[in-house]
Amino acid sequence: MQTQSLDGGFHNAPIEAAYAFRAVMRAMACPGTIVTLAGAEPPAPLSRAAGVVVLTLCDPETPVYLAPSRNTAAIRDWITFHTGAPLVAADRAAFGLGLWSELGQGGFPLGTAEYPDRSATLIVELPQLAAAGATLQGPGIETSAELSLPEIAAFQANARLFPRGLDYLFTCGDRLAGLPRTTKVR
Amino acid sequence: MSDYNFAYLDEQTKRMVRRAILKGLAIPGYQVPFASREMPMPYGWGTGGVQVTAGILTPDDCLKVIDQGADDTTNAVSIRRFFEKTAQVAVTEKTSLASVIQTRHRIPEEPLHDGQILVYQVPIPEPLRFLEPSEVETRKMHALEEYGLMQVKLYEDIARHGAIATAYAYPVKVEGRYVMDPSPIPKFDNPKLSMAAIQLFGAGREQRIYAIPPFTNVVSLDFEDFPFDPSKADHACDLCGASDSYLDELIIDDAGGRMFLCSDTDYCATRCAAGEVGAQRMTLTEGAA
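Computed from a predicted model, the values in this text were never measured in an experiment.

1. Description of the overall build of chain B
Counting its secondary structure elements, chain B contains 7 helices and 12 strands. A compact globule built from 289 residues should have a C-alpha radius of gyration of about 19 Å, and chain B, at 20 Å, falls within 12% of that. Across its three principal directions, the C-alpha atoms of chain B cover 60 × 60 × 35 Å. Relative to its full complement of 289 residues, chain B shows a buried share of 55%. A fraction of 61% describes how many contacts in chain B between residues 6 or more apart in sequence connect residues 24 or more apart. For chain B, the accessible surface area stands at approximately 12,200 Å², while carbon and sulfur atoms represent 53% of it. Between the centroid of the 28 positive side chains of chain B and the centroid of its 41 negative side chains there is a distance of 6 Å.

Laid out in structure tokens, this is it:
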């Protein structure tokens, strides 16, 4: 058995997960805000921010979909050992993890009209993440914000599904930004 | 070092609460079901708010807990001490110094700023519950955005009393979509629901979490010819003289004597310390001397 998958988790889970969640919550509550996460050393090519989100939010109750670029033996073992999350197909996933070229294809649960919360949260790994690019407006944003989104049309279509729809966490290195379904993208 | 996990709850419970909070923030005003746990306090004492607070606290936080605006009532003191013991967080009574404020039935008078979090204790999260007892039906009504029943209820208030008689837990519409119960805050507080802080609502017995992100559009339901009126007692605080705060009425003797004073104890004490004087403070002070 390889032991790399046993390393790289939280050293003090209650404290590190608390800090990480507060940062993720701020990112989701204030779209366009870029936060920095610490505490995890996931196997490449998983970014640190994506690894921290997985450790903070995933457990045996949350099916996870790994897109092909993240579906390596090292990442599968690491997630399984540290969280126990079942790895599933996209249409059953509570969390999706991969590149935009993979996750942007869709196929994830969008929630129902009666239970819009039963939709997937996608962790999208981006090559760069900056507060510049597409204009964001909506809840959590006082006037407007900017974020370097990989495209615009897909997020506009997602917002039109409201109250159904997907929620996004964009990760790059140790940084993360959120984009809930309520945000209007231009 | 205490024998509790940080902030009392186990990690899997906190993850479940945290996922519900994130979905709540993504769907403002929608009540997210969550697997509420038994807490070491009875239902009705803030078990929902306590679970939300436990889910968001970090060791760096400074916690304030208020019950009807007061920092020094039994419920507020016991919850504050609960988190001092289980999470070793700093506590304060100053609204401006707190990073997390758990509240029962009030929003502090002092405007909250970016970065603060307000956690509400909610008894009945479903605004339609007293109009439609079936959860299956109310869920369908939310799904179909079928809120006519609530407007009829407000209309019946007007037909019977000449004005909308709902004085607390006044229903609001969040971001033009979900009708939400803001918990039993006085309607005086409703205009503050669009604020710079994150607002999280926890209902323990009813197993629901919901949220309002900062700067979200929150509108109190009303009619064009009967616009929403955030009324309060037509009086100034007898201790600090504030005319812009929500007041409690206090009976002070057997001869019908009464006084009005701020329900927000921190707001009142801060004003008194700054030298503001209300109508009855002098007589009270003289009486004490």
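Moving on from the coordinates now.
2. Let's talk about helix α4 (residues 135-143) of chain B
Turn by turn, an α-helix covers 3.6 residues, leaving residues three or four places apart pointing in a common direction. All names here are of chain B. Residues T138, R139, M141, H142 and A143 constitute the buried set of α4. Buried residues belonging to α4 abut β1 (32-33), α5 (148-161), β7 (178-180) and β9 (208-212). Measuring from the side-chain oxygen of the N-cap residue of α4 to the backbone nitrogen of V136 gives 3.2 Å; that N-cap residue is S134. Where α4 terminates, the next one or two residues include E145, which has phi positive at roughly 55°.

3. Re the state of the cysteines
Considering all chains together, one arrives at 0 disulfides over all chains under this definition. The structure places no disulfide on C240(B), whose sulfur is separated from the nearest cysteine sulfur, that of C262(B), by 3.6 Å.

4. Some points on the side chain of S5(A)
Note that S5(A) resides in the segment before α1 (13-29). Look past the residues within four positions of S5(A) in its chain and what remains in contact with it is D77(A), W78(A), F81(A) and H82(A).

5. Focus: unusual backbone geometry
Following A44(A), the chain continues to P45(A) via a peptide bond in cis, the omega torsion being 5°. Relative to the elements of secondary structure, P45(A) occurs in the loop between β1 (35-36) and α2 (48-57). With an omega of 10°, the peptide bond between F162(A) and P163(A) qualifies as cis. Of note, Q68(B) is a non-glycine position whose phi angle comes to about 55°, a positive value. Topologically, Q68(B) is positioned in the loop between β2 (62-67) and α3 (74-87). Under the relative-accessibility criterion, Q68(B) is labelled partly exposed at 37%.

6. A word on the sheet that holds strand β4 (residues 100-104) of chain B
All names here are of chain B. Strand order in the open sheet formed by 7 strands is β1-β9-β8-β5-β4-β2-β3, with mixed pairing between adjacent strands. The strands lining the two open edges of the sheet, one partner per strand, are β1 and β3 (90-91). Judged from the 4 bridges that link them, β4 and strand β5 (residues 117-121) form a sheet pairing that is parallel. Paired with I101 across the strands is L118, a residue of β5.

7. Overview of the environment of E132(B)
Residue and element names in this part refer to chain B. Among the secondary structure elements, E132 is positioned in the loop between β5 and α4. Put simply, E132 and L149 are 17 residues apart on the chain and 8.9 Å apart in space, counted from C-alpha to C-alpha. Other than its neighbours up to four places away in sequence, E132 contacts E137, T138, M141 and L149. A polar contact of 2.9 Å, which involves the side chain of E132, links it to the backbone nitrogen of S134.

8. Concerning the sheet that holds strand β6 (residues 172-174) of chain B
Residues and elements named next belong to chain B. Ordered by their spatial adjacency, 3 strands build an open sheet running β7-β6-β10, and the pairing between neighbours is antiparallel. Lying at the two open borders of the sheet, with one neighbouring strand each, are β7 and β10 (218-220). Taken over all neighbouring pairs, the strand axes of this sheet differ in orientation by 30° on average, direction set aside. Inspection of the sheet shows β6 paired to β10 by 3 bridges, in the antiparallel sense. Across the sheet, the residue bridging to K173 is V219, located in β10.

9. Points about the nonpolar core
Grouped together as the largest cluster of nonpolar side chains are 83 residues, with contacts concentrated most on M25(A), L37(A), L176(A), I21(B), I56(B), F83(B) and L200(B). At 10 residues, α1(A) tops the list of elements feeding residues into this core.

10. Here's the deal with the packing of α2(A) against helix α3 (residues 73-83) of chain A
Residue and element names in this part refer to chain A. Following both chains from N to C, one finds α2 and α3 inclined at 35°, their axes separated by 9 Å at the closest point. You can see that α2 and α3 cross each other, and the crossing is right-handed. In this structure, α2 uses G51, V54 and L55 to contact α3, whose residues at the interface are W78, I79, H82 and T83. In the contact of α2 with α3, the residues fall into 4 nonpolar, 3 polar and no charged.

11. Regarding the packing of aromatic side chains
Residue and element names in this part refer to chain B. Following the criterion strictly, the structure yields 14 aromatic pairs over all chains and no others. Ring centres 4.1 Å apart and planes at 10° place the aromatic pair Y120 and F201 in the stacked group. Placement of the pair is Y120 in strand β5 and F201 in strand β8 (residues 198-203), with a sequence separation of 81 residues. What makes Y120 buried here is its relative accessible area of 0%. Look at F188 and Y246: their rings are 5.6 Å apart centre to centre, the planes differ by 35°, and that puts the pair in the tilted class.

12. Focus: the interface of chain A and chain B
Counting residues at the interface gives 41 residues for chain A, matched by 42 residues for chain B. In this assembly, chain A packs against chain B so that about 3,400 Å² is buried in total across both faces, 65% of it on carbon and sulfur atoms. Summed over the shared surface of chain A and chain B, the result is 6 salt bridges. Among the ionic pairs, K23(B) bridges to D167(A), the shortest N-O distance being 2.8 Å. Across the contact surface, chain A and chain B share 18 residue pairs in polar contact (both at pLDDT 80 or more). Secondary structure elements with two or more residues in the side of chain A that touches chain B: α1 and α2 of chain A. Broken down by element, the side of chain A that touches chain B gets its largest block of residues, 13 residues, from α1(A).

Reading the values: the criteria
Residues numbered from 1 in each chain as written. Chains lettered and ligands numbered in written order. Predicted model: local features only at pLDDT ≥ 70, side-chain atom pairs only at ≥ 80, totals over all residues. Heavy atoms only, no water. Helix = DSSP H or I, 4+ residues; strand = E, 2+ residues; numbered from the N terminus. Rg over C-alpha atoms; globule rule 2.2 N^0.38 Å. Buried < 20%, exposed > 50% of the residue type's maximum accessible area, 1.4 Å probe, protein only. Contact = heavy atoms within 4.5 Å. Areas by Shrake-Rupley, 256 points an atom, 1.4 Å probe, with all protein chains shown as cover. Lys, Arg positive; Asp, Glu negative; His and termini not counted. Charge placed at Lys NZ, Arg CZ, Asp CG, Glu CD. Polar contact = N/O pair within 3.5 Å; in protein donor to acceptor, adjacent residues only side chain to side chain. Disulfide = S-S within 2.5 Å. Pairing = 2+ DSSP bridges. Axes fitted to C-alpha atoms, helices over the stretch in contact; angles between N-to-C directions. Core = buried A, V, L, I, M, F, W, Y, C linked by side-chain atoms within 4.5 Å. Left-handed = near helix turned anticlockwise from the far one by under 90°. Nonpolar A, V, L, I, M, F, W, Y, C, P; charged D, E, K, R; others polar. Phe/Tyr/Trp six-rings, centres within 6.5 Å; stacked < 30°, edge-to-face > 60°. Buried area = accessible area lost by both parts, 1.4 Å probe. Salt bridge = Lys/Arg side-chain N within 4 Å of Asp/Glu carboxyl O.

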